[in-house]
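Take a look at the letters that make up each chain.
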Amino acid sequence: MTEKFHATGLAQWLQHLENGVAGGQIEMGLARVEAVRERMGLQPQCPLIVVGGTNGKGSVCSYLTQIYHEAGYRVGTLTSPHLLRFNERIAINGQAVADELIVTAFERIEVARADTVLTYFEFNTLAAVDIFVQQQVDVMVLEVGLGGRLDAVNIFDADVAVITSVDVDHEAYLGDTVEKVAFEKAGIMRCGKPVICGQLPVPHSLVAHADAVGADLLLLKRDFDYRKLEMQQWSYRFHPQSSRLYTGEHARHALPIPVLRGSFQLNNAACALTVLECLSERLPLDIGAIKRGLLRVRHPGRFQILPGQPLTVLDVGHNPHAARALRSSLIALPYAEKRMAVFSMLADKDIDTVLEIVKDQFDCWLIAPLALPRGMTIEALQQKFSQHTIAAVTAYPSVQDAYGAALSQASKNDRIVVFGSFHTVAEVIDVPQWENLK
């Protein structure tokens, strides 16, 4: 038997997991992590929601977490990646859990895994559900890390599944077409259970898989819909057309526009409200909880507008789908005299398509490398900007340096957008307003 790992704290555990667990080759599939789950006896008894998609899944998790919390339920939420601290990935009622809870869960996993090799994310997933069971939450919201079919979250059966959107990303793992990606994401569907899809048009492979497994597919525009109204309000309607589980119609009127910014957020909120409809018998709530949840929800780094001037936007978008959403949201903002981008990206992302989509939204670019093995070097970034004939580009040693330069150069009528990666936003999000640079 492999010698068990012992650590004095969370930092040591995370270093261990990042270096690879127990050595050996990782076999693709869920058999390894499923075996450990069975040894741990992890059988959630509360409703379990699994949220997948190319973009938007984190926002849907945030809406669900806040609304159920406002209704008085105890909510366990697993998300990834984190911005500043690993603990953000495992939250109860929207608050990151303490180091001690995570370390205790890791220790239980280490005992249960025996000689089984587990990855960083598999440890993360098992730890989250173990903590939620120990803390006796009323509902679990689990965000898929990558794809769906082979993601560790998929060892748990969803009472309701959500697929927010489907676009090409992580091509090496999920395929190079929307249909291939949709098939991977459809893996979270379960027979006789609702699956909510906010993607238009709906990929054929997603519909076919729902039919094959007997899932109850609820589609935007067909089974649920939303409409933006005047006076910062919107309405939602649940009207299942071909559902085997639901009949009738239920509408929510005079809803406040979500505090999360971005033109795509009503779509995400509508997906979340459809989850509420599907679980209304097990987790009843009133309209007040929904309205409070929409107004109090937090999801840092997703078209997040910082207070003060110049107007500053933080956005973790890092693929073409997110770039299109970012462009649409930027167009909707008020006029800015000078539009500045603080930008960096990982080398395995589709920077070419991203630049083509958003380059008309910026007058100048302040670029920097990310100090990560996967980060693009400054030379590689400069080459890409040259290839896309973007001339107004200045290089800096770090994202913090680039952001500091943007703040020192900007007037109150300008706009700064920090985007390209979770890592890009993480380098500036925790610095208090950078007042010393103004």
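For the structure, see preceding data.
Quick notes on the rules
Residues numbered from 1 in each chain as written. Predicted model: local features only at pLDDT ≥ 70, side-chain atom pairs only at ≥ 80, totals over all residues. Heavy atoms only, no water. Buried < 20%, exposed > 50% of the residue type's maximum accessible area, 1.4 Å probe, protein only. Helix = DSSP H or I, 4+ residues; strand = E, 2+ residues; numbered from the N terminus. Arc of directions from axis to C-beta. Core = buried A, V, L, I, M, F, W, Y, C linked by side-chain atoms within 4.5 Å. Contact = heavy atoms within 4.5 Å. Pairing = 2+ DSSP bridges. Axes fitted to C-alpha atoms, helices over the stretch in contact; angles between N-to-C directions. Salt bridge = Lys/Arg side-chain N within 4 Å of Asp/Glu carboxyl O. Parallel < 35°, antiparallel > 145°, perpendicular 65-115°, else oblique. Left-handed = near helix turned anticlockwise from the far one by under 90°. Nonpolar A, V, L, I, M, F, W, Y, C, P; charged D, E, K, R; others polar.

A. Region of interest: helix α7 (residues 178-185). Considered for burial, the residues of α7 that qualify are V181, A182, E184 and K185. Buried residues along α7 cover an arc of 160 degrees about the axis, so they all sit on one side.

B. Just the nonpolar core, in detail. Among the nonpolar cores identified, the biggest contains 58 residues, and I90, F106, I109, F132, L142, M189 and L206 are the most heavily contacted of them. A per-element tally of this core places helix α5 (residues 120-134) first, with nine residues. Excluding anything up to four places from it in sequence, M189 contacts I163, V195, L206, H209, A210, V213, A215 and L217.

C. Geometry of the sheet that holds strand β5 (residues 139-143). The mixed open sheet is built from eight strands, whose spatial order is β4-β3-β2-β5-β1-β6-β7-β8. Only two strands of the sheet have a single partner each, and these edge strands are β4 (95-96) and β8 (216-219). Together, β2 (75-78), β3 (90-92) and β5 form the strand contacts of α5, whose direction differs from that of β3 by roughly 15 degrees.

D. Looking closely at the pattern of salt bridges. On inspection of all chains with the given rule, the structure shows 20 salt bridges. Among the salt bridges present, the one from R252 reaches E277, with a minimum N-O distance of 3.7 Å. With R252 in strand β11 (residues 250-256) and E277 in helix α9 (residues 265-278), this residue pair connects regions lying 25 residues apart in the sequence. Overall, R252 belongs to the buried group, its relative accessible area being 13%. What makes E277 buried here is its relative accessible area of 9%. Two residues, D348 and R374, come together in a salt bridge whose shortest N-O distance is 3.1 Å. Here D348 is found in the loop between β14 (339-343) and α12 (351-358), whereas its partner R374 is found in the loop between β15 (364-367) and α13 (378-387), with 26 residues between them in sequence.

E. How the structure looks around the packing of helix α3 (residues 57-70) against helix α10 (residues 287-296). Where α3 contacts α10, the axes come no closer than 8 Å and their chain directions differ by 135 degrees. What the angle tells us is that α3 and α10 run oblique. Like other packed secondary-structure pairs, α3 and α10 cross with a definite hand, here right-handed. Along its contact with α3, which presents Y63, Q66, I67 and E70, the element α10 presents A289, I290, R292, G293, L294 and R296. Its residues assigned to classes, the contact of α3 with α10 shows five nonpolar, two polar and three charged.

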